[in-house]
Every structure is written in structure tokens, then in C-alpha cells.
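Spelled out, the chains give:
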Amino acid sequence: MINIQKTAYWFLLLIIIALTTSPAFALGEANRNLLLIGIMGLSPLLIIFFNNFQKSDIWIIILVVFVLIIPNINHPSTMRWSTVLYMCMFYFTFMAYTRLLAKSKLAPLDFIKIIRALIIAYTVVLIIQQICVLFGLPIFNVSGYSISEPWKLNSLSSEPSHTSRIVAFLMYCFIIVKELVLRRPYSLNKDALNDKWLWISFFWTMTTIGAGTSFIFLPLVLLKFLRLKDLLPLVIFILFLYALNAIFGITAFERAYAVSLAVFTQDIETIVNVDHSASIRIVPILVLIPLLSITTLDGLFGHGIDYVGSILYRMLPGIEKGMSGGGLLQLWVEYGFIIFLVFSFGSIYFTFSKRNKLSIFFWFFLVFMYGVNNQILWLFIIFMYTVNFFTKARNVKTQHVQ
């Protein structure tokens, strides 16, 4: 006889691992995570087997219907079923996950243990890679490596900047779920010592991964502790980072600072010259803004699938024709404002809570600045949905006790 609760838990764990990692052996064309794709392929079966309706199903069903119909009506010649079905795989995986979460009876403490294991695993793999570089050995689990930047390593994701985003977001989720368990704000003075190996792992990864993105997401996590009693250790750590940069000349920190200044100029050429890698994520958004509209047919229903890929290469030097970008604005340009609005509203509604206001900044960096067909975007949605699931369950228990 099948134990429904245990079965749900193990499938839920598989989805979490597939969303939070991209092992090199599982990377296919364009760094697509074949492990994740394989697990996503099971999602329709999981939805049928764990058949319990969730409120979020309404959002997903509307999105699936719209992405199947709207491109066929407005620009049928651009309809590319492989792209649309790949998008629907993410939608169905989210539907499957919400069912698994309800059936598995996953506890906040279990979730904390999973997050802790993932962050430490990222650090262990990174240290192994660093040892390989130090001694000139073949690099373990390497992906997207350049000999010109020998210490810029990917750890368990497909590239260093992804590792920075994922580890920072995992740490943020660890803190807010730990607060639910503690029933009070997480304190650096009281609690960090108990989690010392986790914090050491987190800081090691964020400061030695070699990605400028780390120095954007690291302060974002530390913003959680902007309370007077935690201000002193926070200031000490920031000063330590500056000293580390001065002593060792960490270029990732300098690149992050330079890119931040360049963005305010809104000049494409300036941003590209400062950091071409970072410009690939930032410039497409600036390019797409003038194309946005809610008063035209294409503005409401999109210019068609792959439209951004047909124009972006002309405006962003160093990329090939067909390469796309622009985050959620790409969704607006290609599928129209209606789908953009439905997706944006749902992704905020099911992930945001007044208790964790900082999550809106993570939404901006991990959802708004990413395309819909991206595992980091869905990692954010699924994890924040889980956090809100725990929060609501705790509130119900508190009310029942009262």
C-alpha cells in the first residue's frame, strides 16, 4: 500500500532539488536543466494522482488558456508550440508542487533542514572547485568556466551569478522560516552562533564565488537585520568586506559598483562597456520599454513569440540573432499586456506577505528581471508560496489556541 504522505514528500523534495541546482552533467543545449525538465515532465501525472484543488490553480489555468489562445489569434504565424509547452511545464510543476505541499505535511523545521543542506552543499562543491583550480586539477562539476577568470566558479548552478542569486535567496528563506519557528525576529546576536556553519557557508560562497551579482544580493539579505541591536555586527561585516576588497582586489565588488552607477545613466553603450555580461540582463529591459503599450492590438495581445529575439541583437552588441531577454517585459511584448498583468498579479499575490516586505525586492530581481521559462523565477514563486503556506498555518493554529 502506497504511503501518500511519504510519496508526496519525496516528490516534493525532488522538485526542490531540481529547482535549486543545475548539475553540470544535467545541462543540455543553452544550459537547460535536463534534470528539471525530466521532473517537470512528471507534473501532469502528479496533478492527477494528488488530486486536491488549490486556490492557485485558478491563476495557472487562466495563464495556460491565455498562452495557448492569444498568440494563435493575434500572430498565428509566430506560434511555436515547443516554447509554449515548455512554459506550460513550469505552470503544471507549480500546480503539482502545491498539491504535494498540502499532502506531504512538510513542517517548517523540515524545510529549514532542506535549505541548510542546500546552502552547505553549494559551499562544499565551491570549495572542491577552488581546490581543483589551486592545484591545477580538472574542475569538479564545472560549467561556463573561463580561464581568464579562474576563480569565477559555478558551484551547483550553471553559472556563478546564478549561484549568487540562489544562495542569497535560500538564506533569506531560511531566516524568515526560522522566525516562524522561533516566533520572534531572527537575531544575529542570539541565533547566528547556533547557525554558525550555515552563516560561514553563506558568506564564503557569496564572497568567493567571483560574481558581481553577489555584492547586490548579499546586502539585500543583510537588510533583514536593519534593527538597532543588530547594527553593530552588520557594520563590522560591511567594513570587513571593504577591507577584503582593498587587500585582495576583488574585481567582482568593483564590477557590481560600476554597473550600479552605469544603470542610472540609462545609456546602453555605457552599461555594455562597464560589464558586457551584466548588460545582457539589464539592457534588454531598457530596449523593450519603448515598445510597451496598452492602447494597441500588439500591446494588448503581443507582437508574437520570439519577437524580442528578432530585434534585440541589433541594439545589444555581442549577442547572436535569436537571443532574447528583458525579463517580464519580454512576456508583455511577445504575449501582450493581458498575460503580463495576470502573471505579475498572481506571482505577487501568492508570494508576498506583509510580514516579509523584503520579498518584493527579491521578486523584482528574481521574477521581474527574468523570463517566465526560467527555474530561478519558479524557485522564487514556489519557495515564497511555501513560506506563506507555513505562515497561514501558524496563524490558524495561533487563533485556535486563543
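Structure: above.
Keep in mind the model is a prediction, meaning the values are calculated, not measured. (Residues numbered from 1 in each chain as written. Predicted model: local features only at pLDDT ≥ 70, side-chain atom pairs only at ≥ 80, totals over all residues. Heavy atoms only, no water.)

A. Highlighting the overall build of the protein chain. From N to C terminus, the protein chain includes 19 helices and zero strands. In the protein chain, buried positions account for 51% of the 402 residues. A separation threshold of at least 6 residues defines the contact pool for the protein chain, and within that pool the share at least 24 residues apart is 73%. With the model as given, the accessible surface of the protein chain reaches about 19000 Å², and the carbon-plus-sulfur share is 69%. (Helix = DSSP H or I, 4+ residues; strand = E, 2+ residues; numbered from the N terminus. Buried < 20%, exposed > 50% of the residue type's maximum accessible area, 1.4 Å probe, protein only. Contact = heavy atoms within 4.5 Å. Areas by Shrake-Rupley, 256 points an atom, 1.4 Å probe, with all protein chains shown as cover.)

B. View of the pattern of salt bridges. Taken as a whole, this structure holds seven salt bridges when the rule is applied. A salt bridge links R116 to D195, with the nearest nitrogen and oxygen atoms 3.4 Å apart. Of this pair, R116 sits in helix α6 (residues 108-134) while D195 sits in the loop between α7 (160-182) and α8 (196-208), and the two are 79 residues apart along the sequence. Residues participating in the shared-partner salt-bridge network are R116, K178 and D195. (Salt bridge = Lys/Arg side-chain N within 4 Å of Asp/Glu carboxyl O.)

C. Representation of the nonpolar core in the model. Of all hydrophobic cores here, the largest spans 109 residues; its most connected members are Y91, F169, F343, W378 and F383. Not counting the four nearest positions on each side in its chain, W378 is found in contact with L19, W59, I60, F90, Y91, F94, F343 and V372. C132, I139, L153 and I209 belong to the second largest nonpolar core, which has seven residues in total. (Core = buried A, V, L, I, M, F, W, Y, C linked by side-chain atoms within 4.5 Å.)

D. Up close: empty space enclosed by the protein. Counting across every chain of the model gives one cavity of 30 Å³ or more. Volume-wise, the largest cavity comes out at about 30 Å³. As for the largest cavity, its lining consists of I348, T351, F352, S359, I360, W363 and F380. Class assignment for the residues of the lining of the largest cavity results in five nonpolar, two polar and no charged. (1 Å grid on protein atoms, 1.4 Å probe; cavity = no way out; pocket = protein on both sides within 12 Å on 5 of 7 lines; lining within 4 Å. Points joined across faces, edges and corners; volume = space filled by probe spheres on them. Nonpolar A, V, L, I, M, F, W, Y, C, P; charged D, E, K, R; others polar.)

E. Structural view of the packing of helix α4 (residues 56-74) against helix α17 (residues 337-349). Contact pair α4 / α17: the axes reach a minimum separation of 10 Å and the direction vectors enclose 160°. By the criterion of interaxial angle, the relationship of α4 to α17 is roughly antiparallel. Helix-helix and strand crossings are classified by hand; for α4 and α17 the assignment is left-handed. Each of W59, I62, L63, F66, V67 and I70 in α4 lies in contact with α17, whose residues at this interface are I338, I339, V342, F343, G346 and S347. Classifying every residue of the contact of α4 with α17 gives ten nonpolar, two polar and no charged. (Axes fitted to C-alpha atoms, helices over the stretch in contact; angles between N-to-C directions. Parallel < 35°, antiparallel > 145°, perpendicular 65-115°, else oblique. Left-handed = near helix turned anticlockwise from the far one by under 90°.)

F. Inspection of the side chain of N388 at higher detail. Mapping N388 onto the fold places it in helix α19 (residues 375-401). Residue N388 is classed as buried on the basis of its relative accessible area of 7%. At a separation of 3.4 Å, a polar atom in the side chain of N388 contacts the main-chain carbonyl oxygen of F350. Apart from residues lying up to four places away in sequence, N388 is in contact with F350, T351, F352 and S353. (Polar contact = N/O pair within 3.5 Å; in protein donor to acceptor, adjacent residues only side chain to side chain.)

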